[in-house]
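Structural characterization, general
Given next are the chains, with one letter for each unit.
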Amino acid sequence: MKCRKCVTKVTSLLEAYPEVKKVSVSLEDAAASIQVAPGDTLPISAMQSVLEEAGFRCAAPELLEESTRSSTAPEETLQRSSFRLKGMSCVNCAASIEKGLPELPGVVSAQVNFAAEKMLVTHQDLPEIGGQILHRLEVLGYRGEPDPGFGAPPEKDDSKLELRLLLIAAAGSLPIMLLMFVPLFGSATMLVNGLLSSVVQFTAGLGFYRSAWKSLRNRSANMDVLVSLGISAAYGYSLLALLGVLGPDATVFFETSAMLILFIRFGKWLESRAKGKAGSALKKLLQLQADRALLLDGDQQREVLASQVKPGDLLLVRAGEKIPVDAEVVEGSAAVDEAMISGEAVPVTKEPGSQVTGATINRSGRLVIRATRVGEQTVLAQIVRMVEDAQADKAPIQRLADRVSNYFVPAVVLLSLLTFTCWYLLVGSSFLFAFQMATAVVVIACPCALGLATPTAIMVGSSVGLERGILFKKASALEQISKLQVLLLDKTGTVTTGEFQVARLVTFSACSESQLLAYAAALEDGSTHPLARAVVAVARQRQIDWESAKNLEEIGGHGLRGSVSDRQVLCGSQRLLQDAAVDLSFAETVIDELVAMGCSLVFLAIDQRLQGILALTDTLKPNAERAVAQLKRDGLKTVLLTGDRRVAAQAVAVQINVDQVEAEVLPEQKLQVVKKYQQQGLSVGMVGDGINDAPALAQADIGIAIGSGTDVAKETGDLILVGGDLFDVVRGIRLGRQTLRKIKQNLFWAFFYNILGIPLAAGLFYPWFGVYLKPEFAGLAMAFSSVSVVSNSLLLRRMKQRLQELQ
């Protein structure tokens, strides 16, 4: 496969088989994953023949254990649990957990984020499954605990433990370096060095041995296996030389193993500090929640913990205070700072009936609010959970690093043996020189940098988005959004404000405007459609009373039918009346005039006769034109998607200058429009309402939901824009592109470091340039490789200011 068109072709060929339940084709992995219903068998030979006839080559299929397991349990019986992890030293440890946990009955899969030290486990709803998972982790050699979730105290800072180990290593190593040049104890100096080196070896270095043993016990090899081999070789050789086993002239170099441990611990400390900074945005968000609330109990006011507030409780929030929970304003008005949710600095006016979000700040006025959501149900909790899930998810680009890491350690050990053999047996160098070269190869190799390249960039990128109200639901969205070619923009609520106004009422026969509004409101009352809400609002504004409609029936995407005062009423689109054979010919001139003005039209017919037309207008969002211009500048084809007639849609399209228009599209047809562009081999993004446009958003390669900020968990889409600002679409795409760029940079440097560092440590450049690395400096280089990757990811935080300036 060479491009997206190939992916589309392969997908369509495989989906043609009735046995296939679901197909996922990856251009990056050059693979197709096929899900089969239980009991069905795939015609493998026929599939391979069809693919080969279409010009593709395919290897023998591989049965995935995860798919077999998941097919035995219905999706609705599966649950996802989050755990905190301790004891991992590199990405190979994460791979051991991901491989070992699914062997536990009831566990379908485990996803481990090495950088965040978190794990998401998909499992069946079985009793005691949590305890069994923790026990299985202990058997594998790692410590875990259930993630306490929202509101829990932050985890202990690992950098403090690493600093203690670093200081222990320094306390033993630095005196050894001093005694090398100033033998204060005469002939006993070597014994003192050996003693100090032993202390460092089995205190600050003990953790490497423990981790290596756990890894080998799980039939894998992590970075600590390499470190343990390196420090054991240097320490063991020096100890044997000191004891005279290797002869009277054998060289003692205790400083090598001690300094090696010191440098690696120094790198681990820097790495833990950098990883802490990568996740700092989420920690700051958790600190925003209010600790206490002022509860109104009759005429009494009493201060309680925010965790004690229950739905329905009345709370008092004074100027300058944080709103403790999600609530509805009952009394008072105030300007509320919602920057922590939407990223917008301008406070929003809240009045009785308005919804307020927990952790936002009352900047002025006094509010009495009624709690609606508390604890895990609040918007803040939903956002935190969503970001944590995204950070725990694995981006497709990380699979390459994972595959390399599986073979990395065994390959390095073989290279180390080859290095020793070449220098000692083929070149004829001294045993000590060949031994030091082999040790340097072992300690300079670093799978950690490969393991940190993707998750740290994802953590920082998602955190930057979080501060702007841009929420990525999964890590793959940050990668995939950068590949978008076409962006479908749903008109109402996305390009426009979605707040319709009745601009004109046209009546026919003897129907008055009041009667027209009364009949229309009778049918539209209770509907959530923006046009319906506008009709009901103007009827209330004019203080018009209406009867309740009976036998109300919704005609999918077209309008409503019902009876009012024993009269049959139709209210909706022009197509609704045409399908009901209502004569509209006498109103064609008026209809064309209103459509040319860009109005959305609601037609009303009573007893098969057209009685009136309500013309409604929707205002464009202030920055819609500039946002579309930026999207086009970024190389995306923009398409306006609307149910309006083509003339009205074209009028809006001209104003915002989109490339193409898809007009007269019913809600259920939006999904087909997305598929139409995908079948052209294009990567398609869809921007719309996260609930009403759910099918189309789910079908798109990237679904972007412009949410209301009230219930982000219910929003469908890969990207949620809490604030509803169309420019956040531009910001999200640019953030995704920059994050992917950082991931690629990290992977390049991680691979480049090993490709250059291992030959340098093996002495490949020594014959020509006289350059080689001592083992201790090879260890320092290894430590800094991980630090450089994390530090490069942290540079993404500069995007925050750039996104702020983008408008």
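Keep in mind it's a predicted model, so treat the numbers as computed, not measured.

**A short note on the overall build of the chain**
If you tally the helices and strands in the chain, you get 30 helices and 28 strands. Judged by the C-alpha coordinates and their principal axes, the chain covers about 120 × 80 × 50 Å. Within the chain, the proportion of its 807 residues that are buried is 51%. For the chain, the accessible surface area stands at approximately 37,000 Å², while carbon and sulfur atoms represent 55% of it. Treating the 79 positive side-chain charges of the chain as one cloud and the 82 negative ones as another, the clouds have centres 6 Å apart.

**Digging into helix H24 (residues 646–656)**
Where H24 is concerned, the buried positions are Ala648, Ala649, Val652, Ala653 and Ile656. An end-on view of H24 places all buried positions within 140 degrees of arc, on one side of the element. Once H24 finishes, Asn657 follows within two positions and takes phi at roughly 65 degrees, a positive value.

**Points about the sheet that holds strand E3 (residues 78–86)**
The strand order across the open sheet formed by 4 strands is E4-E5-E3-E6, and the pairing between neighbours is antiparallel. The open sheet is flanked by strand E4 (107–113) and strand E6 (143–146), the only strands paired with a single partner. Each adjacent strand pair in this sheet contributes to an overall mean axis angle of 30 degrees, direction not counted. Running over the sheet, helix H4 (residues 91–100) touches E3, E4 and strand E5 (118–124) and is turned about 170 degrees from E4.

**Some words on the sheet that holds strand E28 (residues 719–721)**
Taken in spatial order, the 7 strands of this open sheet run E16-E28-E27-E26-E17-E24-E25, and their pairing is mixed. Two strands bound the open sheet, and with one partner strand each, they are strand E16 (470–472) and strand E25 (660–662). Each strand axis lies, on average, 20 degrees off the axis of its neighbour in the sheet, ignoring direction. With 5 bridges joining them, strand E17 (residues 486–490) and strand E24 (residues 637–641) adopt parallel strand pairing. Paired with Leu488 across the bridge in E24 is Val639.

**Notes on the environment of Leu51**
By the secondary structure assignment, Leu51 is in helix H2 (residues 44–53). As for Leu51 and Lys9, which are separated by 42 residues in sequence, their C-alpha atoms are 9.4 Å apart. Sequence-distant contacts of Leu51, that is, excluding residues within four places in its chain, are made with Val10, Leu13, Leu14, Phe56 and Cys58.

**Examining the pairing of strand E21 (residues 567–572)**
Pairing of strand E20 (residues 559–564) with E21 involves 6 bridges; the strand directions are antiparallel. In the strand pairing of E21, Val564 is matched with Arg567. Taking the residues that link successive antiparallel strands as the turn, the E20-E21 hairpin has 2 residues, and the phi of Ser565 there is positive, at about 55 degrees.

**A look at the nonpolar core**
Of all hydrophobic cores here, the largest spans 119 residues; its most connected members are Met88, Ile97, Met119, Ile133, Leu487, Ile704 and Val729. Counting residues per element, this core draws most heavily on helix H27 (residues 727–761), at 12 residues. Not counting residues up to four positions away in its chain, the partners in contact with Val729 are Leu487, Leu631, Val687, Ile704 and Leu721. Within the second largest apolar cluster, 26 residues are counted, among which are Leu516, Leu523, Val538 and Val602.

**Concerning the confidence of the model for the chain**
Parts of the prediction with low pLDDT should not have their coordinates interpreted in detail. For the chain, the average pLDDT comes to 83, and 91% of its residues sit at 70 or higher. Scored below 50 in pLDDT, residues 65–76 makes 12 contacts in the model with residues more than four places away or belonging to other chains.

**Observations concerning the side chain of Thr419**
Its place among the elements puts Thr419 in helix H14 (residues 398–426). When its relative accessible area of 9% is taken as the criterion, Thr419 is described as buried. Look past the residues within four positions of Thr419 in its chain and what remains in contact with it is Met437, Ala438, Val441 and Ala762.

**Description of the pattern of salt bridges**
Under the counting rule described, the total for this entry stands at 25 salt bridges. Between Arg318 and Glu321 there is a salt bridge; the shortest N-O distance is 3.1 Å. A salt bridge links Lys800 to Glu467, with the shortest nitrogen-to-oxygen separation between them at 2.7 Å. Residue Lys800 is located in helix H30 (residues 799–805), and its partner Glu467 is located in helix H16 (residues 447–467); the two are separated by 333 residues in the primary sequence.

**So, the packing of helix H19 (residues 513–524) against helix H20 (residues 530–541)**
Running from N to C, H19 and H20 cross one another at 130 degrees; their axes reach a closest spacing of 9 Å. Taken together, H19 and H20 sit at an angle that is classed as oblique. In the packing of H19 onto H20, the handedness of the crossing is left-handed. Contact with H19, carried on its side by Leu517, Ala520, Ala521 and Glu524, involves Ala532, Val535, Val536, Val538 and Ala539 of H20 and no other residues of that element. Taken together, the residues of the contact of H19 with H20 sort by class into 8 nonpolar, no polar and 1 charged.

**Focus: the environment of Leu134**
Secondary-structure assignment places Leu134 in helix H5 (residues 129–140). Leu134 sits in the partly exposed class, given a relative accessible area of 21%. Apart from the residues within four sequence positions on either side, Leu134 is in contact with Phe83, Gly144, Glu145 and Pro146.

**Topic: the packing of aromatic side chains**
Scanning the model with the defined rule gives 22 aromatic pairs in all. Pairwise contacts between aromatic rings join Tyr237, Phe253, Phe420, Tyr424, Phe431 and Phe435 into one cluster. Arg265 extends its terminal NZ or CZ atom over the ring of Phe208, reaching a point 4.3 Å from the ring centre.

**With respect to the packing of helix H23 (residues 624–633) against H27**
It is the contact of H23 with H27, at a shortest axis distance of 8 Å, that shows an interaxial angle of 25 degrees. Considering their axes alone, H23 and H27 lie roughly parallel with respect to each other. The interaxial crossing formed by H23 with H27 has left-handed handedness. Of the residues in H27, those touching H23 at Arg626, Ala627, Gln630 and Leu631 are Phe727, Val729, Val730, Ile733 and Arg734. Residue composition of the contact of H23 with H27, by class: 6 nonpolar, 1 polar and 2 charged.

**A short note on the side chain of Thr11**
Tracing the chain through its elements places Thr11 in helix H1 (residues 4–15). Judged by its relative accessible area of 18%, Thr11 falls in the buried class. When sequence neighbours within four positions are dropped, the list of residues in contact with Thr11 reads Val23 and Val25.

**Notes on empty space enclosed by the protein**
Overall, the coordinates contain 2 cavities of 30 Å³ or more when judged by the stated rule. Counted as a void, the largest cavity has a volume near 50 Å³. For the largest cavity, the full set of lining residues is Met223, Ile264, Gly267, Lys268, Glu271, Cys446, Cys448, Met782, Ala783 and Ser786. Of the residues forming the lining of the largest cavity, the biggest block, 4 residues, is contributed by helix H10 (residues 254–278).

**Brief notes about a nonpolar patch on the surface**
Where nonpolar side chains cluster on the molecular surface, the patch consists of Leu178, Met180, Phe181, Val182, Leu184 and Phe185 and spans about 630 Å² of accessible area. Leu184 gets classed as exposed once you look at its relative accessible area, which sits at 57%.

**Quick word on unusual backbone geometry**
A positive phi angle, near 55 degrees, is found at Ser565, a position not held by glycine. You can see Ser565 is positioned in the loop between E20 and E21. When its relative accessible area of 38% is taken as the criterion, Ser565 is described as partly exposed. For Asp566, which is not a glycine, the phi torsion comes out positive at approximately 65 degrees. Mapping Asp566 onto the fold places it in the loop between E20 and E21. Given a relative accessible area of 77%, Asp566 falls into the exposed group.

Analysis parameters
- Residues numbered from 1 in each chain as written.
- Predicted model: local features only at pLDDT ≥ 70, side-chain atom pairs only at ≥ 80, totals over all residues.
- Heavy atoms only, no water.
- Helix = DSSP H or I, 4+ residues; strand = E, 2+ residues; numbered from the N terminus.
- Buried < 20%, exposed > 50% of the residue type's maximum accessible area, 1.4 Å probe, protein only.
- Areas by Shrake-Rupley, 256 points an atom, 1.4 Å probe, with all protein chains shown as cover.
- Lys, Arg positive; Asp, Glu negative; His and termini not counted.
- Charge placed at Lys NZ, Arg CZ, Asp CG, Glu CD.
- Arc of directions from axis to C-beta.
- Pairing = 2+ DSSP bridges.
- Axes fitted to C-alpha atoms, helices over the stretch in contact; angles between N-to-C directions.
- Contact = heavy atoms within 4.5 Å.
- Core = buried A, V, L, I, M, F, W, Y, C linked by side-chain atoms within 4.5 Å.
- pLDDT = per-residue confidence, 0-100.
- Salt bridge = Lys/Arg side-chain N within 4 Å of Asp/Glu carboxyl O.
- Parallel < 35°, antiparallel > 145°, perpendicular 65-115°, else oblique.
- Left-handed = near helix turned anticlockwise from the far one by under 90°.
- Nonpolar A, V, L, I, M, F, W, Y, C, P; charged D, E, K, R; others polar.
- Phe/Tyr/Trp six-rings, centres within 6.5 Å; stacked < 30°, edge-to-face > 60°.
- Lys NZ or Arg CZ within 6 Å of the ring centre and 35° of its normal.
- 1 Å grid on protein atoms, 1.4 Å probe; cavity = no way out; pocket = protein on both sides within 12 Å on 5 of 7 lines; lining within 4 Å.
- Points joined across faces, edges and corners; volume = space filled by probe spheres on them.
- Patch = residues over 30% accessible without salt bridge, like charges linked within 9 Å, V, L, I, M, F, W, Y side chains within 5 Å.

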